[in-house]
Amino acid sequence: MKKRIAIFASGSGSNAQKIMEYFKKHDEAEVAIVLTNNPEAYVLQRADNFEIPSHIFEKHEFTKTDHVVLLLRNLQIDLIVLAGFLWLIPQNLLQAFPNKIINIHPALLPKYGGKGMFGDKVHQSVLDAKDEESGVTIHFVNENFDDGEIIHQSRFRIEKGDDIEMTKFKGQQLEHLHYPRVVEGLLKKMKS
């Protein structure tokens, strides 16, 4: 039986798209569902384009009930992949899927992580600090923002004159290249 992935996203979902593409004709794994807290998120259209079911939830359902946990269990999800998902993962979900929830962050953690550090805020912080490099971090999720064990990091140089758009572009190239492969590697390590 194929390993089953659930993707959580809050926005456009470009990483979600790359993961859906990567596993579309994969022999051993598939994206089983896309979940979002944002009914306007473009990731819903991306999921629809791949004929992948989606689920929209609101804060109370996510943080105060077991609906999402039960949905994922019923779908026999093996790995939860956060792809631009902005809410903290509640304890019940962490307990139901120990070491089976991963996230990608657009900087080299532990730098520029934590509550409120996402998207352009991260890239602006890197540029403001005049860092010579930045990158992406893929990590396990725990009860704190951007604090779980690091699985993979990739780096890029920040050249003189790089603005926020260029920094974001360089980071996304690495995200799109590495995230699907890291997901695949983790799924291969899991016992059938």
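What counts as what
Residues numbered from 1 in each chain as written. Predicted model: local features only at pLDDT ≥ 70, side-chain atom pairs only at ≥ 80, totals over all residues. Heavy atoms only, no water. Helix = DSSP H or I, 4+ residues; strand = E, 2+ residues; numbered from the N terminus. Rg over C-alpha atoms; globule rule 2.2 N^0.38 Å. Contact = heavy atoms within 4.5 Å. Areas by Shrake-Rupley, 256 points an atom, 1.4 Å probe, with all protein chains shown as cover. Lys, Arg positive; Asp, Glu negative; His and termini not counted. Charge placed at Lys NZ, Arg CZ, Asp CG, Glu CD. Buried < 20%, exposed > 50% of the residue type's maximum accessible area, 1.4 Å probe, protein only. Pairing = 2+ DSSP bridges. Right-handed = clockwise from strand over helix to strand, strands pointing away. Axes fitted to C-alpha atoms, helices over the stretch in contact; angles between N-to-C directions. Parallel < 35°, antiparallel > 145°, perpendicular 65-115°, else oblique. Left-handed = near helix turned anticlockwise from the far one by under 90°. Nonpolar A, V, L, I, M, F, W, Y, C, P; charged D, E, K, R; others polar.

## Let's talk about the overall build of the chain
Scanning the chain from terminus to terminus reveals seven helices and seven strands. From first element to last, N terminus to C terminus, the chain shows the α and β order β-α-β-α-β-α-α-β-α-β-α-β-β-α. Expected size for 192 residues packed as a compact globule is a radius of gyration near 16 Å; at 16 Å, the chain falls within 12% of this value. Seen through its principal axes, the chain has C-alpha atoms that stretch 50 × 35 × 30 Å. Intrachain contacts of the chain at a sequence separation of at least 6 include 68% that bridge at least 24 residues. Accessible surface, the chain as shown: approximately 10,000 Å² in total, 49% of it carbon and sulfur. In the chain, the 24 positive side-chain charges and the 26 negative ones have mean positions that sit 3 Å from each other.

## Thoughts on the pairing of strand β2 (residues 29-36)
In summary, the side chains of a regular strand alternate between the two faces of the sheet. Buried residues dominate β2, accounting for seven of its eight residues. Note: strand β1 (residues 3-8) against β2, six bridges, orientation parallel. Within β2, the residue paired with K3 across the bridge is A29. With respect to chirality, the unit in which β1 leads through helix α1 (residues 14-23) into the neighbouring parallel β2 is right-handed. Here β2 pairs with strand β3 (residues 54-56) via three bridges, running parallel. Counted as the bridge partner of T36 is I56 from β3.

## Remarks on the environment of M166
By the element assignment, M166 lies in helix α7 (residues 164-189). Sequence separation between M166 and D131 is 35 residues, and the spatial gap between their C-alpha atoms is 14 Å.

## Focus on the packing of α1 against α7
Axis angle and axis distance: for two packed helices, these are the angle between their axes and the distance between the axes, and together they describe the pair. The N-to-C vectors of α1 and α7 enclose an angle of 50 degrees; their axes lie 9 Å apart at closest approach. Relative to α7, the element α1 lies oblique. Once α1 is placed against α7, the crossing between them reads as right-handed. Residues S14, N15, K18, I19, Y22 and F23 of α1 pack against Q172, E175, H176, Y179, P180, R181, V183, E184 and L187 of α7. Here the residues of the contact of α1 with α7 sort into seven nonpolar, four polar and four charged.

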